[in-house]
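Reading the structure
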Amino acid sequence: MNIRNNWKIKYGIIFLIATIIIYGAFIFTYGDSHEVVHYIWLHLGFIPLDLLLLSLIFEEVLSKKEKQTLHEKLDLIVGSFFSEIGNELISLLSDINQNEIPSLKQIKYWDLEDYDKSLKTLKENDIKIKINLNEEEKFIFLTNLREFLINEKDFLISLINNPNILEKEEFSDLILATFHLCEELEFREDLSQVNKPDFIHLTEDMNRVYNCLIYEWVRYLKHLKKNHPYMISLAIRTNPFDKESSIYVSDD
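Residues numbered from 1 in each chain as written. Predicted model: local features only at pLDDT ≥ 70, side-chain atom pairs only at ≥ 80, totals over all residues. Heavy atoms only, no water.

1. Here we look at the overall build of the protein
Within the protein, the secondary structure is distributed over eight helices and zero strands. Here the protein holds 252 residues, and 34% of them are scored as buried. In the protein, 75% of the contacts between residues at least 6 apart in sequence involve partners at least 24 apart. If you sum the accessible surface of the protein, you get close to 17100 Å²; carbon and sulfur atoms cover 58% of it. (Helix = DSSP H or I, 4+ residues; strand = E, 2+ residues; numbered from the N terminus. Buried < 20%, exposed > 50% of the residue type's maximum accessible area, 1.4 Å probe, protein only. Contact = heavy atoms within 4.5 Å. Areas by Shrake-Rupley, 256 points an atom, 1.4 Å probe, with all protein chains shown as cover.)

2. A closer look at helix α8 (residues 229-237)
Residue pairs spaced three or four apart in an α-helix point in one direction, given the helix's 3.6 residues per turn. Buried residues of α8: Ile232, Ala235 and Ile236, and no others. Burial along α8 is one-sided: seen end-on, the buried residues are contained in an arc of 95°. Against the buried residues of α8 lie α3 (112-124) and α7 (196-227). (Arc of directions from axis to C-beta.)

3. Some remarks on α7
With 32 residues, α7 extends 46 Å from end C-alpha to end C-alpha; this agrees with the ideal 46 Å at 1.5 Å per step. N-capping of α7 is provided by Asn195, with a side-chain oxygen placed 2.9 Å from the backbone N of Asp198. (Expected span 1.5 Å × (residues − 1). Polar contact = N/O pair within 3.5 Å; in protein donor to acceptor, adjacent residues only side chain to side chain.)

4. Some remarks on the packing of α3 against α7
Where α3 meets α7, the closest approach of the two axes is 10 Å, and the angle between their N-to-C directions is 165°. On the basis of the axis angle, α3 is roughly antiparallel to α7. Along this stretch, α3 crosses α7, giving a crossing that reads as left-handed. Where α3 abuts α7, its residues Leu112, Tyr115, Asp116, Ser118, Leu119, Leu122 and Lys123 lie against Ile214, Tyr215, Val218, Arg219, Leu221, Lys222, Lys225 and Lys226. (Axes fitted to C-alpha atoms, helices over the stretch in contact; angles between N-to-C directions. Parallel < 35°, antiparallel > 145°, perpendicular 65-115°, else oblique. Left-handed = near helix turned anticlockwise from the far one by under 90°.)

5. Some points on the packing of aromatic side chains
This structure, assessed with the given rule, holds five aromatic pairs. Where Trp110 meets Tyr115, the ring centres are 5.2 Å apart and the plane angle is 80°; that geometry is what we call edge-to-face. Relative accessible area serves as the criterion here: at 12%, Trp110 is assigned to the buried category. In this structure Tyr115 comes out as buried when scored by relative accessible area, which is 0%. Aromatic rings pair up to connect Phe81, Phe82, Phe171 and Tyr220 into one cluster. Geometry around Tyr215 places Lys123 over its ring, the cationic atom sitting 5.2 Å from the centre. One cation-aromatic arrangement involves Lys138 over Phe199; the distance from NZ or CZ to the ring centre is 5.3 Å. (Phe/Tyr/Trp six-rings, centres within 6.5 Å; stacked < 30°, edge-to-face > 60°. Lys NZ or Arg CZ within 6 Å of the ring centre and 35° of its normal.)

6. Things to note about the pattern of salt bridges
In a structure, side chains of opposite charge can pair up when their charged atoms sit close to one another. Taken as a whole, this structure holds twelve salt bridges when the rule is applied. In this structure, Lys123 engages Glu170 in a salt bridge whose closest nitrogen and oxygen atoms are separated by 2.9 Å. Within this pair, whereas Lys123 is found in helix α3, its partner Glu170 is found in helix α6 (residues 169-187), the two being separated by 47 residues in sequence. A relative accessible area of 53% means that Lys123 is categorised as exposed. In this structure, Glu135 engages Lys138 in a salt bridge whose closest nitrogen and oxygen atoms are separated by 3.1 Å. Residue Glu135 and its partner Lys138 are both found in helix α4 (residues 135-151); the two are separated by three residues, about one turn of the helix. A cluster of three or more residues bridged by salt bridges with shared partners is formed by Asp75, Lys168, Glu216 and Arg219. (Salt bridge = Lys/Arg side-chain N within 4 Å of Asp/Glu carboxyl O.)

Taken by themselves, the reported measurements are silent on function.
Right, here's the structure in full:
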């Protein structure tokens, strides 16, 4: 027998004996066993109903608590994603994108309502990457992007193998889109052979990643502002959409 369960058995026996003593004392004092029996049957009848209500309430509370704990853990994973790969990937794609997103430069002034408006806009409208590179610039950019993604491939695979990320649909879409772009570039051994139609295809893959990245980045910063306000300062000081941002704290 498990030693850890011994105390449960001991307490169970003690309480059972105490119940028998109390009921026995009542019968001995008042000489009426019918009222005791009536009382026992009355409460036995409510036990199934009590168990049903308790099980439903506890199940709801536990389920809500488990989901809350899971989402907190997932937000930690999202944070590690941006620290490891996301912020740098945003910078790489933003540097060659001629379509700037001015609103994201002002994110340090946003309140929660501004985050909600931005997320709604990003959900309903795609951001199109506009690229104007000559052949040499295109080759250098694709080479750097491929090298960066391949170096982070193991990290991406570890995220894909985590079944919990399916709880966050947008984040799982981001991981899959990023991994797909990584494979597209990895299989192209000679990037100098990327012609115009092929580059258009790669741009579509980059555009998919870019849109997912921006949406998840804004959503993550909203999470920080709401739950961890002391952490959002670093995210704002490393804002990849603000070229004037600085890691160093100033009086501004």
